[in-house]
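# Tertiary structure, described
One-letter residues, chain by chain:
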Amino acid sequence: MDRTGMPVKRIAVALAALVALAACTSGSGRNGEHTTGSAAPPKPGNVQLPPRNTGFDYQIGGAYPPPARVRIVARDRSADPARGLYNICYVNAFQAQPDARNDWPADLLLRDKAGKVVMDGEWDEALLDISTPAKRERIAARINQWVDDCAAKGYDAVEPDNYDSYTRSRGLLTADDAMSFVKLLSAHAHARGLAVAQKNAVELAGFKSRTGLDFAVAEECGAYDECGAYAEAFDDRVVVIEYTDSGLEKARSGFGDRLSIVRRDVQVSTPGDAGYVRE
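For the structure given in this document, a descriptive report is provided here. (Residues numbered from 1 in each chain as written. Predicted model: local features only at pLDDT ≥ 70, side-chain atom pairs only at ≥ 80, totals over all residues. Heavy atoms only, no water.)

### A few points about the sheet that holds strand 7 (residues 157-161)
Spatially, 1-2-3-7-8-9-10-11 is the arrangement adopted by the 8 strands of the open sheet, whose pairing is parallel. Lying at the two open borders of the sheet, with one neighbouring strand each, are strand 1 (55-59) and strand 11 (260-263). For this sheet, the mean angle separating the axes of adjacent strands, direction not counted, is 20°. Note that strand 2 (residues 70-76) and strand 3 (residues 86-92) share 5 bridges and pair parallel. (Pairing = 2+ DSSP bridges. Helix = DSSP H or I, 4+ residues; strand = E, 2+ residues; numbered from the N terminus. Axes fitted to C-alpha atoms, helices over the stretch in contact; angles between N-to-C directions.)

What follows is the structure in structure tokens.
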């Protein structure tokens, strides 16, 4: 859940990723992986895409009855979907949540040269090591069990979070690693009848034909002037979460008639909590 950061840093990360991708797509990648002319991801079969420009609620911090006029709801994979609505199943696919870190084999947690686990310090989450094809396959096998659970519960789509974990990896992971991994998840989800969201990482939106991603879940694209890039890449099938009043105003003034936009509190809390915000 990458919800903060300075605009200059985000721009620098995007530029660095694009430079790295330009190099990767012209030859062999890490560990001899050839990236040019790789097989296209399987096209989605009977998946349903989210409606455009409609009421949306982001409930990954806890499920509650959706407000009136909401047609799209995102909830954590542990929750049941909301009856009669378009439901997105949140899965933390690129990092291990604090209470689940010990559930992962030690060699699948990303480690620095000293052997220390690389952390997303803001959320106290360990990054998963998607640096090699073998590790990506092993991690995907675990994540795809959660995707299967989402499908069994009746969700319409899955939201693999922390697609941008490579930007917090101290250079140990690349954008190419992230795209290769999410392609595994999207192929599996499509086979289960689920659409797949690109979560953040605006610099990778133009590569959806490679990754197989169907729509976008964009945090703070209004605040960082990124909504247009998502809208273009995903034909306005974008759900937006803003965490500030100014971000909400910018998103709605520029894209309020095109995208599905909501203002939430950073902890995505539930009604009755002191910090609950939803607009």
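### Points about the side chain of Arg168
With respect to the helices, strands and loops of the structure, Arg168 is situated in the loop between strand 7 and helix 3 (175-191). The class for Arg168 is buried, based on a relative accessible area of 17%. A polar atom in the side chain of Arg168 sits 3.1 Å from the side chain of Asp164. (Buried < 20%, exposed > 50% of the residue type's maximum accessible area, 1.4 Å probe, protein only. Polar contact = N/O pair within 3.5 Å; in protein donor to acceptor, adjacent residues only side chain to side chain.)

### Observations regarding the packing of helix 2 (residues 133-153) against helix 3
The interhelical angle for the contact between helix 2 and helix 3, taken along N-to-C directions, is 40°, at an axis separation of 10 Å. Classed by the angle they form, the pair helix 2 and helix 3 counts as oblique. Where helix 2 crosses over helix 3, the two elements pack in a sense that is right-handed. Contacts between helix 2 and helix 3 involve Arg136, Glu137, Ile139, Ala140, Ile143, Asn144, Val147 and Asp148 from the first element and Asp177, Ser180, Phe181, Leu184, Leu185, His188 and Ala189 from the second. Of the residues in the contact of helix 2 with helix 3, the class split is 8 nonpolar, 3 polar and 4 charged. (Parallel < 35°, antiparallel > 145°, perpendicular 65-115°, else oblique. Left-handed = near helix turned anticlockwise from the far one by under 90°. Contact = heavy atoms within 4.5 Å. Nonpolar A, V, L, I, M, F, W, Y, C, P; charged D, E, K, R; others polar.)

### What about unusual backbone geometry?
The phi dihedral of Asp235 falls on the positive side, at around 55°, and the residue is not glycine. Structurally, Asp235 can be placed in the loop between helix 5 (227-233) and strand 10 (238-242). The phi angle at Asp236 is positive, at roughly 70°, despite the residue not being glycine. With respect to the element layout, Asp236 can be found in the loop between helix 5 and strand 10. Judged by its relative accessible area of 16%, Asp236 is buried.

### Remarks on helix 3
Here helix 3 is 17 residues long and its end C-alpha atoms lie 24 Å apart, about the 24 Å a rise of 1.5 Å per residue gives. Burial analysis of helix 3 places 14 of its 17 residues in the buried class, the great majority of the element. Looking one or two residues beyond helix 3, the residue adopting positive phi is Gly193, at roughly 85°. (Expected span 1.5 Å × (residues − 1).)

### Let's talk about empty space enclosed by the protein
Overall, the coordinates contain 1 cavity of 30 Å³ or more when judged by the stated rule. Volume-wise, the largest cavity comes out at about 40 Å³. Taken together, Val91, Ala93, Ile143, Val147, Val158, Pro160, Leu185 and Ala189 form the lining of the largest cavity. Of all elements in the fold, only helix 2, strand 7 and helix 3 reach the threshold of two or more residues within the lining of the largest cavity. Within the lining of the largest cavity, the residues separate by chemical class into 8 nonpolar, no polar and no charged. (1 Å grid on protein atoms, 1.4 Å probe; cavity = no way out; pocket = protein on both sides within 12 Å on 5 of 7 lines; lining within 4 Å. Points joined across faces, edges and corners; volume = space filled by probe spheres on them.)

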